[in-house]
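Survey of secondary and tertiary structure
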Amino acid sequence: MAISISSSSAALYQLSNLKPVSLSLRPTGPSCVKCNLTSGGVKSWTAAANYVKIKVGTGKFARKTVLSQKRTGTLKCATMEEIEAEKSLIEKSVKERMEKTIENVKASFNSIRTGRSNPDMLDKIKVEYYGTPTSLKSIAQISTPDSSSLLVNPYDKSSLKDIEKAIVNSDLGITPNNDGDVIRLSIPQLTADRRKELSKIVAKQAEEGKVALRNIRRDAIKSYDKLEKEKKLSEDNVKDLSSDLQKVIDEYIKKVDSIFKQKEKELMTV
């Protein structure tokens, strides 16, 4: 059976509107190697661009002829360009999610005080502003007058009490000083026990970041497996892509370790 298909077409053809004829005898006749379809019951093939039309009529078999109802179906071929586009989308999603994970780890680390004033310490504080949980940084200017204090200057002075309440209820362990105009925060020195406690918290956050990276890898491999089931990727392709993906994940895990060691050093430095 001769069939002309564009060289850019992939190995997979997705069959639609064509129900197979159930036969107990092995058909004879040509077959399509690319889609693994035996053409004993295929009357004619026509192809155009990345579509293939099949007409099913009389099927000839080794022992006798079986007649089936004449039907027409269409197989759509996935082009190499389409497959590459799907792979690129997966890779782009992986990269974006991994970068976001690193940003989240950094934000978590920055919210933990180290004995030195840093506006990032207040990143996770949410203020009930007119009934809506709002980021403190979006409703107030935060500055560092010196290395051991923070100054919170609300854009709306009526929010001072709400900001004070949010800071008291946070896990910073800092008592705010509200003078009716601004809120001052004095950063106390950390005790040895508190430093060890915070170090454990940071280690847990680092591990959570690594788990998030491994979950990204898992999701990407599932996407590759789906392409393999659709015959858009071979088993060897999936193995190669999975191996490359593991190398990328390993690099990002090293980034988490590096950020963690730096934060741990800050916490343990008196």
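Just above sits the structure.
Okay, so let's go over this structure. (Residues numbered from 1 in each chain as written. Predicted model: local features only at pLDDT ≥ 70, side-chain atom pairs only at ≥ 80, totals over all residues. Heavy atoms only, no water.)

Here we look at the packing of aromatic side chains
We apply this condition: Pairing of aromatic side chains here covers Phe, Tyr and the six-membered ring of Trp, requires ring centres within 6.5 Å, and sorts the geometry by plane angle: under 30 degrees stacked, over 60 edge-to-face, intermediate tilted. The buried label applies to any residue whose accessible area, calculated with a 1.4 Å probe on protein chains only, is under 20% of its type's maximum; exposed applies above 50%, and partly exposed to all values in between.
All chains considered together, the criterion is met by one aromatic pair. Aromatic pair Tyr129 and Tyr130: ring centres 4.7 Å apart, planes at 75 degrees, arrangement edge-to-face. What makes Tyr129 partly exposed here is its relative accessible area of 23%. A relative accessible area of 66% means that Tyr130 is categorised as exposed.

Considering helix α5 (residues 235-268)
What counts is decided by this rule: Segments assigned H or I by DSSP are reported as helices when at least four residues long, segments assigned E as strands when at least two residues long, and all are numbered from the N terminus. Take the residue count of a helix, subtract one, and multiply by 1.5 Å to get its expected span. What makes two residues a contact is simply this: any of their non-hydrogen atoms within 4.5 Å.
Along its 34 residues, α5 runs 49 Å from first to last C-alpha, staying within 8% of the 50 Å computed at 1.5 Å per residue. For α5, the complete set of buried residues consists of Val238, Leu241, Ser242, Leu245, Ile249, Tyr252, Ile253, Val256, Ile259, Phe260, Lys263 and Leu267. In the core, the buried residues of α5 are packed alongside α1 (80-110) and α4 (192-229).

Quick look at the side chain of Lys263
Heads up, the condition is: Here a polar contact is recorded for every N or O atom pair within 3.5 Å, except that within protein the pair must consist of a potential hydrogen donor and a potential acceptor, and residues adjacent in sequence are included only if both atoms are side-chain atoms.
Relative to the helices and strands, Lys263 is located in helix α5. The class of Lys263 is buried, set by a relative accessible area of 7%. From its side chain, Lys263 meets the backbone oxygen of Ile112 in a polar contact 2.9 Å long. The contacts of Lys263, once residues within four sequence positions are left out, are Phe109, Asn110, Ile112, Thr114 and Val202.

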